[in-house]
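Structural overview
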Amino acid sequence: MTAKEIRTKAFAALSKNLFTFILIELLHIFLAVATAVTMTLYGLGSIFNYLIMAPLILGMHKIALKAIRAQTVKVSMLSEGLSPYGTCVLLRLLDELFLSLWSLLFVIPGIMRAFSYSLDTFVLADNPHMTQAEAREESIHLMEGNKWRLARLYLSFIGWLLLSALTFGLLLLFVLPYMYISLACFYEQVKEEKAPPIYVPPESEEA
């Protein structure tokens, strides 16, 4: 699928659950603001970011996958991000650490590695039994040869982001879930493409 086709499919999924996703994004914004306030007042922002935001983001990824798979979507499903709690916190922490180290090699290696890690939360959402290292490695595998495709998908949202700026960020309540679901659709596509072919045994020769 092209970026346009992915966005079309994501738009349809979002339209069916628009009110739910707006509530989810409002909660996300509230917690993000709480993170900033906590960091300013108590210097605990980074801890709050990992302990609270990591499972929230995992929950959002799980909901985006449900939406693109035409499953029921509820705000309460955000709590599903608490499992596996320790793995998702460690995944977010180590992703940021590794990206910081890659960025020391200048900007381009850091950006390329960010694209490589971009699907690891979706992988963990789909495979909660995986370790954080396994989820990251699977994301790297899925993104081999697909970085530019993902970059084109991101670039296709520039118009929406500019419109969001004109509405003083209000439109982000729609645009951010739209992007999440589009990424879920992208993940589904590359996962299918990277899946090993189903073995079909050769027909036995007639005697």
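Above this text is the structure in question.
My aim in this report is to walk through the structure given alongside it, one point at a time. Owing to the predicted nature of the structure, the values given are computational and were not obtained by experimental measurement. (Residues numbered from 1 in each chain as written. Predicted model: local features only at pLDDT ≥ 70, side-chain atom pairs only at ≥ 80, totals over all residues. Heavy atoms only, no water.)

Some remarks on the pattern of salt bridges
One pass over the full model with this rule turns up eight salt bridges. We note a salt bridge from aspartate 126 to arginine 69, for which the minimum N-O separation is 2.9 Å. Of this pair, aspartate 126 sits in helix α6 (residues 120-126) while arginine 69 sits in the loop between α3 (45-68) and α4 (85-103), and the two are 57 residues apart along the sequence. With relative accessibility at 30%, the residue arginine 69 sits in the partly exposed group. The partner of glutamate 193 in a salt bridge is arginine 149, and the shortest N-O contact between them spans 2.9 Å. Of this pair, glutamate 193 sits in helix α10 (residues 172-194) while arginine 149 sits in helix α8 (residues 147-155), placing them 44 residues apart in sequence. Overall, glutamate 193 belongs to the partly exposed group, its relative accessible area being 44%. (Salt bridge = Lys/Arg side-chain N within 4 Å of Asp/Glu carboxyl O. Helix = DSSP H or I, 4+ residues; strand = E, 2+ residues; numbered from the N terminus. Buried < 20%, exposed > 50% of the residue type's maximum accessible area, 1.4 Å probe, protein only.)

Topic: the layout of surface pockets
Its volume calculated, the largest pocket comes out at about 580 Å³. What lines the largest pocket is a set of 23 residues, among which Ile57, His61, Arg92, Ser118 and Thr121 lie closest to the centre. Where the lining of the largest pocket is concerned, the elements lending two or more residues are α3, α4, α5 (107-117), α6 and α10. Here the lining of the largest pocket takes six residues from α4, the largest share from any one element. (1 Å grid on protein atoms, 1.4 Å probe; cavity = no way out; pocket = protein on both sides within 12 Å on 5 of 7 lines; lining within 4 Å. Points joined across faces, edges and corners; volume = space filled by probe spheres on them.)

What to know about the environment of serine 118
Mapped onto the fold, serine 118 is located in the loop between α5 and α6. Taking C-alpha positions, serine 118 is 9.6 Å from aspartate 95, a pair spaced 23 residues apart along the chain. If we skip the residues at most four places from it in the chain, serine 118 touches Ser139, Met143 and Leu150. (Contact = heavy atoms within 4.5 Å.)

Focus: the packing of aromatic side chains
Within this structure, the stated rule accounts for eight aromatic pairs. When the centroid spacing of 5.1 Å and the interplanar angle of 80 degrees are considered together, the rings of phenylalanine 157 and tyrosine 178 count as edge-to-face. With phenylalanine 157 in the loop between α8 and α9 (158-166) and tyrosine 178 in helix α10, this residue pair connects regions lying 21 residues apart in the sequence. Here the two residues phenylalanine 157 and tyrosine 178 agree in accessibility, since each one is buried. Ring geometry for phenylalanine 174 and tyrosine 178: centres 5.5 Å apart, planes at 45 degrees, overall tilted. Note that phenylalanine 174 and tyrosine 178 are positioned in helix α10 at a spacing of four residues, about one turn of the helix. The same class applies to phenylalanine 174 and to tyrosine 178, which are both buried. Through pairs of rings, three or more aromatic residues link up here, namely Phe11, Phe157, Trp160, Phe174 and Tyr178. Sitting above the plane of the tyrosine 117 ring, arginine 136 keeps its charged end 5.7 Å from the centroid. (Phe/Tyr/Trp six-rings, centres within 6.5 Å; stacked < 30°, edge-to-face > 60°. Lys NZ or Arg CZ within 6 Å of the ring centre and 35° of its normal.)

Structural notes on empty space enclosed by the protein
As enumerated under the stated definition, the model contains one cavity of 30 Å³ or more in all. A volume near 50 Å³ is recorded for the largest cavity. Along its surface, the largest cavity is lined by Phe21, Ile24, Glu25, Met60, Ile63, Ala64, Pro177 and Tyr180. Looking at the lining of the largest cavity, the elements with two or more residues in it are α2 (18-42), α3 and α10.

Structural notes on α8
Within α8, the full set of buried residues consists of Leu150, Ala151 and Leu153. Buried residues of α8 fall within an arc of 160 degrees about the axis and therefore sit on the same side. Tucked into the core, α8 has its buried residues touching α1 (3-16), α5, α7 (132-143) and α10. (Arc of directions from axis to C-beta.)

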